[in-house]
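Descriptive analysis of the structure
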2 protein chains.
Amino acid sequence: MGNVTVDMSMSLDGFITGANASAALPLGEGGDRLHQWLYNLESWRKRHGMEGGERNPDADIFEDAFKNVGAVVMGRNMFNHAVKAWGDNPPFRVPVFVVTHEQGEPVTRKGDTTFTFVTSGFHQALVQAKAAAGDKDVSIAGGANIIQQFFSAGLIDEIQVHIAPILLGKGRRLFQYIGGQSVELQRLWAVESPCVSHLKYRVVKA
Amino acid sequence: MGNVTVDMSMSLDGFITGANASAALPLGEGGDRLHQWLYNLESWRKRHGMEGGERNPDADIFEDAFKNVGAVVMGRNMFNHAVKAWGDNPPFRVPVFVVTHEQGEPVTRKGDTTFTFVTSGFHQALVQAKAAAGDKDVSIAGGANIIQQFFSAGLIDEIQVHIAPILLGKGRRLFQYIGGQSVELQRLWAVESPCVSHLKYRVVKA
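My aim in this report is to walk through the structure given alongside it, one point at a time.

A separate point is the packing of aromatic side chains. The way to describe two aromatic rings as a pair is by their centre distance and the angle between their planes. Residue and element names in this part refer to chain A. This structure, assessed with the given rule, holds 18 aromatic pairs over all chains. Here the aromatic rings of phenylalanine 151 and phenylalanine 175 are separated by 5.6 Å at their centres, their planes lie at 65°, and the arrangement is edge-to-face. Taken as a pair, phenylalanine 151 in helix H5 (residues 144–152) and phenylalanine 175 in the loop between strand S10 (172–173) and strand S11 (183–192) lie far apart in primary sequence, 24 residues in all. Of the two residues, phenylalanine 151 and phenylalanine 175, neither departs from the other in class, the shared state being buried.

The following block contains the structure:
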């Protein structure tokens, strides 16, 4: 059985999206800055259908984060905001389950990415994603609201944050409200790179 | 001229105090957990008038954080909540300026700690603290509100956070509202230790 994971780039003040995110600006105002560490990595570029780029510890961490993912769960807003930006060949390459109130036919893209719309809630989306992932992990891709629902329900096993050296000041916080209970973490690693700090944790279940 | 610095233990979800902080519970519910990495360090114990403890990289980082501090600024709530816990021999050992609306006579304690009450605002507290610190740094000790006022006014030069492996879920966030503008940071170091991740940044001024 795989893990349920979260892997996000975050500002030091806790934001994963800038203010006023939309289809025209999927990461919100200044949100691009959080992902800057990725754009020149060979592993990131390859996953987005581009050649070249750097091989370095950041590239390895990005590659590792995707390597064991067998399925993805995301919220409808994230899908709506980003589906255009992902284009014909989205970076997921696995089944994606979109939690939504609106029914819709599955969307199939190049490179084994399929988007399936789940209208029966985030628990049910996880059940379907686990079935699709088999022994591999299910990654909860965002946005912040859906990640917080999974945290509140105690369903996350591992979390990695890549802390970008910026205070964004406004936008969506990764941990805005996770149910008001404290959650003990066991740190798996902390890796310093020139642009970002990678911190990975396992959630300690009671 | 020294720097204006902030040095705080923080949960991964951004809290520096748990909920319902008071004089009876200065760090709030669960807030003690954020400082757990400190309590057995030789340098921390020495500063709190205790013997023994461990010498390790965490102890060095704690010692370094205090070494160049020539004066401290804090808010009235922090003073009210913690003055009893600090006792006769508070850990500061330098002049402390308390931003408050209530006038009061200075309070002198053992070990060169004096508390001076400043009723003319946080800018004026900083002026007095800088004069007292000379070439050394002024540390903005908290609580969260006063630190946010200093950030909003662009007055912080360096920030170090010690990220504890816990999601606290509620309490006071270090960066709840810093004025809505983004602030670029230059990371000075990231140090992994068994209990905590130390991240130190310089604020990039426009």
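Now that the structure has been shown, we can carry on.
Turning next to empty space enclosed by the protein. Scanning all chains against the criterion turns up four cavities of 30 Å³ or more. Looking at the largest cavity, its volume works out to about 90 Å³. Contributing to the lining of the largest cavity are 13 residues, with A:Asp13, A:Gly14, B:Asp13, B:Gly14 and B:Arg173 lying nearest its centre.

Moving on: the relation of the copies chain A and chain B. Overlaying chain A on chain B yields an RMSD of 0.0 Å, the required transformation being a rotation through 180° with an accompanying axial translation of 0.0 Å. Both copies are brought into coincidence by an operation consistent with a two-fold rotation axis. Minimal C-alpha separation from the rotation axis in chain A is found for A:Gly14, amounting to 3.3 Å.

A separate point is the side chain of A:Thr17. Residue and element names in this part refer to chain A. Summarising the element assignment, threonine 17 is placed in strand S2 (residues 15–17). Take threonine 17: its relative accessible area is 15%, and that puts it in the buried class. Apart from residues lying up to four places away in sequence, threonine 17 is in contact with Pro26, Leu27, Gly28, Leu34, Leu168, Lys170, Gly171 and Arg172.

Attention now goes to the sheet that holds strand S6 (residues 114–118) of chain A. The mixed open sheet is built from 10 strands, whose spatial order is S5(A)-S6(A)-S4(A)-S3(A)-S7(A)-S1(A)-S8(A)-S12(A)-S11(A)-S9(B). Edge positions in the sheet fall to strand S5 (107–108) of chain A together with strand S9 (166–167) of chain B, since each of these pairs with one other strand and no more. Across six bridges, strand S8 (residues 158–164) of chain A lies against strand S12 (residues 197–203) of chain A in antiparallel orientation. Looking at the pairing, A:Val161 lines up with A:Leu199 of S12(A). Sitting on the sheet, H5(A) touches strand S1 (4–11), strand S3 (69–75), strand S4 (95–99), strand S7 (137–142), S8 and S12 of chain A together with S9 of chain B, and the angle it makes with S7(A) is about 135°.

With that out of the way, let us pick up the pairing of S8(A). Residue and element names in this part refer to chain A. Among the seven residues of S8, seven are classified as buried, and the element is accordingly described as predominantly covered. With seven bridges connecting them, S1 and S8 associate as parallel partners. Each residue of the ladder has a partner; that of methionine 8, found in S8, is valine 161.

Parameters and conventions
- Residues numbered from 1 in each chain as written.
- Chains lettered and ligands numbered in written order.
- Predicted model: local features only at pLDDT ≥ 70, side-chain atom pairs only at ≥ 80, totals over all residues.
- Heavy atoms only, no water.
- Phe/Tyr/Trp six-rings, centres within 6.5 Å; stacked < 30°, edge-to-face > 60°.
- Helix = DSSP H or I, 4+ residues; strand = E, 2+ residues; numbered from the N terminus.
- Buried < 20%, exposed > 50% of the residue type's maximum accessible area, 1.4 Å probe, protein only.
- 1 Å grid on protein atoms, 1.4 Å probe; cavity = no way out; pocket = protein on both sides within 12 Å on 5 of 7 lines; lining within 4 Å.
- Points joined across faces, edges and corners; volume = space filled by probe spheres on them.
- Least-squares fit on C-alpha atoms with pLDDT ≥ 70 in both.
- Contact = heavy atoms within 4.5 Å.
- Pairing = 2+ DSSP bridges.
- Axes fitted to C-alpha atoms, helices over the stretch in contact; angles between N-to-C directions.

Any functional reading would require information that these geometric values do not contain.
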